[in-house]
Amino acid sequence: MLKHMLTKSARVRRGGSRFAIFISTLLALYAWTHTRLVVKKTPEGEPSSDEESARSLLITVKSTHAGKIVSPPKGPFCQPRSLRSGDHTGLDSEFYTKYQSSVLHSRKPFAIDKGFFMTVEKYYSDKNLWLDAGAGTCGTMKAISDAGHSVFGVELSDVCRTECSSLARQGKVFSTGLNEIPFPDRYFDLVWSSEVFEHIPIELINQSVAEVVRVAKRDLFLSIAMKRSGFDPDPPAKPRIHLSVLPQSWWDATFALYGCRVNTELRGVLLQARYSKATFFPYICHEAPVVKAECNPAVARYADCYASNSGDNSKCLHEKQTYLELCTP
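Thresholds, definitions, all that
Just so you know, the residues in each chain are numbered from 1, in the order the chain's sequence is written. Predicted model: local features are reported for residues with pLDDT of at least 70 only, side-chain atom pairs are reported and counted for 80 or more only, and whole-chain, interface and lining totals are derived from all residues. Side-chain measures were taken over the full set of non-hydrogen atoms in the model, leaving aside hydrogen atoms and water. What counts as a disulfide here is a pair of cysteine sulfur atoms lying within 2.5 Å. In this description a helix means any DSSP run of H or I spanning at least four residues, a strand means any run of E spanning at least two, and both kinds are numbered starting from the N terminus. Think of it in three bands: residues with accessible area under 20% of the maximum for their type are buried, residues over 50% are exposed, and the middle band is partly exposed, with areas taken using a 1.4 Å probe on protein chains only. Pairing between strands is defined by DSSP: at least two bridges between the two strands are required. Only heavy atoms enter the contact rule, under which two residues are in contact if any of them lie within 4.5 Å. Note on method: axes are straight lines fitted to C-alpha atoms, helices fitted across the in-contact stretch only, with angles between N-to-C directions ranging 0 to 180 degrees.

A few points about the state of the cysteines
Inference 1: Considering all chains together, one arrives at four disulfides under this definition.
Inference 2: A sulfur-sulfur distance of 2.0 Å marks the disulfide that ties C138 to C164. Around the S-S axis, the bridge from C138 to C164 shows a dihedral of about 105 degrees and counts as right-handed. Of the two residues, C138 sits in the loop between β1 (129-133) and α7 (139-146) while C164 sits in the loop between β2 (150-155) and α8 (165-169), which places them 26 residues apart along the sequence. Take C138 and C164: they sit in the same class, and that class is buried.
Inference 3: Paired through a disulfide, C305 and C316 show a sulfur-sulfur distance of 2.2 Å. Its S-S torsion of about -95 degrees marks the bond between C305 and C316 as left-handed, since a negative value means left-handed. Taken together, the residues span a long stretch of sequence, with C305 in helix α12 (residues 295-308) and C316 in the loop between α12 and α13 (317-326) at a distance of 11 residues.

Below is the structure:
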């Protein structure tokens, strides 16, 4: 089966760039490994235990680490803390380790490449301690440090095998998913995350949102992709890289359920600047709940529809209208 997938991958990309061939081959390997390790046989028409568990996690959850972590970690540690037998996150870790070390290491970090890092850094210039949630190759961490801030990072890939290795040895960046951040509650003046949440499987989004909100004193800044990766297949095929391409309004409603409101001032500044291919999510958190309880199941139903239709948002227009009506602050 693997030989067939690699042959097909090479045939599709024949005549293309070495970069495209590499990505196609990497995706084929990822798909083959994922299929072998996580697909479970169930009676026809019945959801697997994984599917049932995923659907239950679409409803807002409380961070499992709230109040339990009293001091920051003393690194370095490399292998992801969430790496367990059969864990989707563990599989993603190996894929992204190869992706970071073989592809992204030669590219500028997204925020720097698109030009909005300086605008955002200037806005948050008084925020001393930052967390880069999804640090990638750690280029943004270095820019944050160069701007005079203290910074830690968490990153799903094995940071001891990528461009992050020097910071890992200093105990500044740690291998873990956003659903398991090893820092105390309200520890960071700013939590930064650029082009990360679209990579998170739908069933881990709520725990990941709960965690970034938990470790932020007040302010969050995220950029999240609004379309599939160029290496993802078109619907109805399932995406492989950008796993959760959800509307801006859905993300706003989801973070609102965790007590965060949009920082309209900063979003307005960034919209006026017209940065290309970037959608911004600046939030102010730990205030009173900003939406009604009825918003929760409406947001979950949209996510369930998205997952059930292999990431095709066009199939979920009714569910979108419902959460828009119920989740308006």
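Here the narrative resumes.
Some points on the sheet that holds β2
Inference 1: Within the open sheet, the seven strands sit side by side as β3-β2-β1-β4-β5-β7-β6. Their pairing is mixed. The open sheet has two edge strands, β3 (173-175) and β6 (261-262), and neither has a second partner.
Inference 2: Direction of pairing for strand β4 (residues 188-194) relative to strand β5 (residues 216-223): parallel, over a ladder of six bridges. If you follow F188 over to β5, its bridge partner there is A216.
Inference 3: Helix α9 (residues 205-215) contacts β1, β4 and β5 of the sheet and is inclined by roughly 130 degrees relative to β5.
Inference 4: Docked against the sheet, helix α10 (residues 248-257) engages β5, β6 and β7 (280-284), running at close to 20 degrees with respect to β7.

What about the environment of Q170?
Inference 1: Its location among the elements puts Q170 in the loop between α8 and β3.
Inference 2: Since its relative accessible area comes to 54%, Q170 is described here as exposed.

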